[in-house]
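The residues making up each chain are set out below.
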Amino acid sequence: GENVEQHPSTLSVQEGDSAVIKCTYSDSASNYFPWYKQELGKRPQLIIDIRSNVGEKKDQRIAVTLNKTAKHFSLHITETQPEDSAVYFCAARTNFGNEKLTFGTGTRLTIIP
Amino acid sequence: NAGVTQTPKFRILKIGQSMTLQCTQDMNHNYMYWYRQDPGMGLKLIYYSVGAGITDKGEVPNGYNVSRSTTEDFPLRLELAAPSQTSVYFCASSPGLADYEQYFGPGTRLTVT
């Protein structure tokens with residue numbers, strides 16, 4: 001089955017700086033890569049996703065890049081703000097119609113004011 | 001739309017007791033999922049369903065059972081609760097059919113003592 005590894009497990013950045021979180025996946029058939037944000041005590045919520053036919057996607061301060069050859073994808077947050085502090089999860093979906101996501105272990109991002 | 005709702009929000013069980021965690025979605029989604037999230041960890045898939053009457057095991061199904069008699073409801077049954085089942089349980093749903101975003105419920109925090 002699919003295996004997703006996520007690094008780093010914790011990340012602290014100064015407010016206004018950029019943050020980068022990286023994930024690798026094992027199944028070359030995976031075709032969908034979402035990123036979820038989970039604030040303390042809340043449910044995970046989708047913030048951005050990318051499909052395997054696209055190399056990069058951007059939404060305001062958030063971007064995701066995908067390297068299919070190397071089987072890794074990354075989340076980039078620019079001009080970080082205190083409300084970006086949360087746990088971020090990457091995930092991957094394999095292309096065999098079972099609609100399952102395999103999640104990474106999460107990155108706790110802390111924005112230092 | 002209320003989205004995905006879960007009851008109860010919190011529950012304390014004694015070892016050996018049983019209970020059902022309720023999950024309902026009003027978005028007419030075909031796919032539904034149950035995850036558990038242990039402290040500081042990622043999301044592990046327990047069971048999932050691709051439609052009414054169809055369920056399948058995820059990564060960590062032991063000690064749990066599910067049913068899917070309607071599109072809206074996907075209850076999770078814990079039989080003979082054990083301390084290892086102390087966790088936060090999230091239900092999620094997804095439209096499927098190339099729309100892969102999963103929408104999460106607010107979670108149920110379960111403690112087994």
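Residues numbered from 1 in each chain as written. Chains lettered and ligands numbered in written order. Predicted model: local features only at pLDDT ≥ 70, side-chain atom pairs only at ≥ 80, totals over all residues. Heavy atoms only, no water.

J.: Explain the sheet that holds strand E3 (residues 19-25) of chain A here, please?
T.: Strand pairing in a sheet takes place through backbone hydrogen bonds and is either antiparallel or parallel in direction. Residues and elements named next belong to chain A. With respect to topology, 5 strands assemble into an open sheet ordered E1-E3-E8-E7-E6, the strand pairing being antiparallel. In this open sheet, the two strands that pair with only one neighbour each are strand E1 (4-7) and strand E6 (56-59). Neighbouring strand axes in the sheet, compared pairwise and without regard to direction, differ in orientation by 15° on average. Of the strand pairs in this sheet, E3 and strand E8 (residues 72-77) are connected by 6 bridges, and their pairing is antiparallel. (Pairing = 2+ DSSP bridges. Helix = DSSP H or I, 4+ residues; strand = E, 2+ residues; numbered from the N terminus. Axes fitted to C-alpha atoms, helices over the stretch in contact; angles between N-to-C directions.)

J.: Help me out: how do you make sense of the sheet that holds strand E8 (residues 76-78) of chain B in this one?
T.: All names here are of chain B. Within the open sheet, the 4 strands sit side by side as E1-E3-E8-E7. Their pairing is antiparallel. The outermost strands of the open sheet, each flanked by one partner alone, are strand E1 (4-7) and strand E7 (64-66). The average angle at which neighbouring strand axes cross in this sheet is 20°, direction not considered. The sheet contact formed by strand E3 (residues 19-25) and E8 spans 3 bridges and is antiparallel. Along E8, the bridge assignment pairs Thr-20 with Arg-77.

J.: Explanation requested: the packing of aromatic side chains in the structure shown.
T.: Two measures describe an aromatic ring pair: the distance that separates the ring centres and the angle between the ring planes. For the structure on display, the rule yields 14 aromatic pairs over all chains. Measuring from ring centre to ring centre gives 4.9 Å for Phe-33 of chain A and Phe-73 of chain A, while their planes differ by 50°; the resulting arrangement is tilted. With a gap of 40 residues between them, Phe-33 of chain A in strand E4 (residues 30-38) and Phe-73 of chain A in strand E8 connect regions that are remote in the sequence. Here the two residues Phe-33 of chain A and Phe-73 of chain A agree in accessibility, since each one is buried. Ring plane angle 25° and centroid distance 6.2 Å describe the contact between Tyr-33 of chain B and Tyr-35 of chain B, whose orientation is recorded as stacked. By the burial criterion, Tyr-33 of chain B is buried, and Tyr-35 of chain B matches it. Taken together, the aromatic side chains of Tyr-36 and Phe-103 of chain A together with Tyr-33, Tyr-35, Tyr-48, Phe-90 and Phe-104 of chain B make up a single cluster linked through ring pairs. In this arrangement the basic side chain of Arg-93 of chain A is found over the ring face of Tyr-100 of chain B, its NZ or CZ atom lying 4.0 Å from the centre. (Phe/Tyr/Trp six-rings, centres within 6.5 Å; stacked < 30°, edge-to-face > 60°. Buried < 20%, exposed > 50% of the residue type's maximum accessible area, 1.4 Å probe, protein only. Lys NZ or Arg CZ within 6 Å of the ring centre and 35° of its normal.)

J.: Explanation requested: the nonpolar core in the structure shown.
T.: Considering soluble globular proteins, one finds that nonpolar side chains tend to be buried as a cluster. In terms of nonpolar packing, the biggest core is built from 23 residues, with Trp-35, Phe-73, Leu-75 and Leu-109 of chain A touching the most fellow members. Where this core is concerned, the elements lending two or more residues are strand E2 (10-14), E3, E4, strand E5 (45-51), strand E7 (62-67), E8, strand E9 (86-94) and strand E11 (107-112) of chain A. Each residue touching Leu-109 of chain A, except ones within four places of it in the same chain, is listed here: Leu-11, Val-13, Ala-19, Ile-77, Asp-84, Ser-85, Ala-86 and Tyr-88 of chain A. Within the second largest apolar cluster, 19 residues are counted, among which are Trp-34, Tyr-47, Ala-81 and Tyr-89 of chain B. (Core = buried A, V, L, I, M, F, W, Y, C linked by side-chain atoms within 4.5 Å. Contact = heavy atoms within 4.5 Å.)

J.: How should I be thinking about the confidence of the model for chain B in this particular structure?
T.: Reading predicted coordinates in detail is not appropriate for stretches of low pLDDT. Per-residue confidence for chain B gives a mean pLDDT of 94; residues scoring 70 or more make up 100%. Confidence, expressed as mean pLDDT per element, reaches its minimum in chain B at strand E6 (residues 54-57) of chain B with 93 and its maximum at E3 of chain B with 98. (pLDDT = per-residue confidence, 0-100.)

J.: Just checking my understanding: could you explain the pattern of salt bridges for this structure?
T.: It is possible for side chains of opposite charge to pair when their charged atoms get near one another. The final tally for this structure, using the stated rule, is 6 salt bridges over all chains. Two residues, Glu-39 of chain A and Lys-37 of chain A, come together in a salt bridge whose shortest N-O distance is 3.6 Å. A salt bridge links Arg-36 of chain B to Asp-38 of chain B, with the shortest nitrogen-to-oxygen separation between them at 2.8 Å. Taking the relative accessible area as the measure of exposure, Asp-38 of chain B reaches 27% and is therefore partly exposed. (Salt bridge = Lys/Arg side-chain N within 4 Å of Asp/Glu carboxyl O.)

J.: In this structure, what is going on with the pairing of E6 of chain B? I would like to understand it.
T.: The side chains of a regular strand alternate, residue by residue, between the two faces of the sheet. All names here are of chain B. Here strand E5 (residues 43-51) pairs with E6 via 3 bridges, running antiparallel. Across the sheet, the residue bridging to Tyr-48 is Asp-56, located in E6. Linking E5 back to E6 in an antiparallel pair, the connection comprises 2 residues, with Gly-53 at a positive phi of about 85°.

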